[in-house]
Amino acid sequence: MSAVLALVEHEAGAPAEESLELLTLARELAAAESGPLAAAAFGDEGAGVADALGAYGVEEVHHVTHDGLDAYAPAAWGEGLAQLAAELDAAAVVAPGTDRGQEVLAHVGATMDLPVAANCLDVEVDGAYELTRQRWGGSLMEHARLDAERKLLTAAAHEHPIEEAAEATDPGVASFEPSLEEDHLRVQVERVEESDVEGVPLGEARVVVSGGRGVGGPEDFDQLEELADLLGGAVGSSRAAVNEGWRPHDDQIGLTGAKISPDIYIPCGISGAVQHMVGCKGADNILAINTDPEAAIIGKAEWAVLGDLHEVVPELNEAIREAKDE
């Protein structure tokens, strides 16, 4: 029985949300392959993920350690994951559809001379893998067939539910030390600079309020910031607002910006171009505020307020304040 090996990203031993999403897909693949679900974790506290992963059906946790792996090094991670996959004779290696997951699996593919299928939504196993995956930033779906000695794929971020396994496991932890050369460590993270932005990080916010060209100017984002603050959320923007110089690029939501997955997303004065929708398609609900009933964002929203955001948002802020005072 060949294992399915999943790359699990974590913060101090706590699995990342996208990695838990990945395990839902990986567990299905392991069942189809009639093999165990194994996880690979890098970093000093990688072994700590085992405590959390049993609920998701992981049977084996492989802590990848090496003197040169104190910091993230994409080529070294790819080489280490490839060596571990070969040792386990894994049927498939899967990674979350994050920037890091995509980068590491690309290195695995190059090392093993195998194709990589990125951003997969659905996989049917019949010898080869029949895939449905996102292309062009999620603007189209592709049906493809992946036929290789070892299948490499990433799971589209925020497209798979986080579901615990029907039966919890008690995964064992084994250390794995790959054989690395100096070239593998040529590129690595040297330092991490924390953003000086206060409040909830955009990617972690459960409520996101954003503005586009319809806001009118940088000073008018104050009312959106007030709404976000009242709801305990974060403020984002469209590319148009960033291009105008009204907001920093870190606030941009879309294909070339942040990908968000809040409980509710409130876009104000945003038309809803395809590139923007790629960034917010992970939202559970959308409440759009726009004067144009034909705007694309209206058709994507669960709820819409057709009106001038300069009138709607202040009234909404006032109503929330009054409700909080009661």
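Here, every reference points to the structure presented above.
Keep in mind that this is a model prediction, so the values were computed, not measured.

Rules and cut-offs
Residues numbered from 1 in each chain as written. Predicted model: local features only at pLDDT ≥ 70, side-chain atom pairs only at ≥ 80, totals over all residues. Heavy atoms only, no water. Helix = DSSP H or I, 4+ residues; strand = E, 2+ residues; numbered from the N terminus. Rg over C-alpha atoms; globule rule 2.2 N^0.38 Å. Buried < 20%, exposed > 50% of the residue type's maximum accessible area, 1.4 Å probe, protein only. Areas by Shrake-Rupley, 256 points an atom, 1.4 Å probe, with all protein chains shown as cover. Patch = residues over 30% accessible without salt bridge, like charges linked within 9 Å, V, L, I, M, F, W, Y side chains within 5 Å. Salt bridge = Lys/Arg side-chain N within 4 Å of Asp/Glu carboxyl O. Lys, Arg positive; Asp, Glu negative; His and termini not counted. Charge placed at Lys NZ, Arg CZ, Asp CG, Glu CD. Pairing = 2+ DSSP bridges. Axes fitted to C-alpha atoms, helices over the stretch in contact; angles between N-to-C directions.

Novice: Quick question: what am I supposed to make of the overall build of the chain here?
Specialist: Along its length, the chain carries 9 helices and 16 strands. A compact globule built from 326 residues would reach a C-alpha radius of gyration of about 20 Å, and the chain, at 22 Å, matches this within 12%. Expressed along its principal axes, the backbone C-alpha trace of the chain runs to roughly 65 × 40 × 40 Å. Looking at the chain as a whole, 50% of its 326 residues qualify as buried. Accessible surface, the chain as shown: approximately 15,800 Å² in total, 45% of it carbon and sulfur.

Novice: I keep staring at a negative patch on the surface and nothing clicks. Help me out?
Specialist: A contiguous patch of negative charge on the surface is contributed by E11, D44, E45, D67, D70 and E177. Turning to its location among the elements, D70 is positioned in the loop between β5 (60-64) and α3 (74-88).

Novice: Help me out: how do you make sense of the sheet that holds strand β14 (residues 264-268) in this one?
Specialist: By way of backbone hydrogen bonds, the strands of a sheet pair with one another, either parallel or antiparallel. The sheet built from 5 strands is open, its strands ordered β13-β12-β14-β15-β16 with parallel pairing. Two strands lie at the open edges of the sheet, namely β13 (234-237) and β16 (303-306), each paired on one side alone. Strand-to-strand twist of the sheet, defined as the mean angle between neighbouring strand axes without regard to direction, takes the value 20 degrees. The sheet contact formed by strand β12 (residues 207-211) and β14 spans 5 bridges and is parallel.

What is shown is where atoms sit, not what they do.
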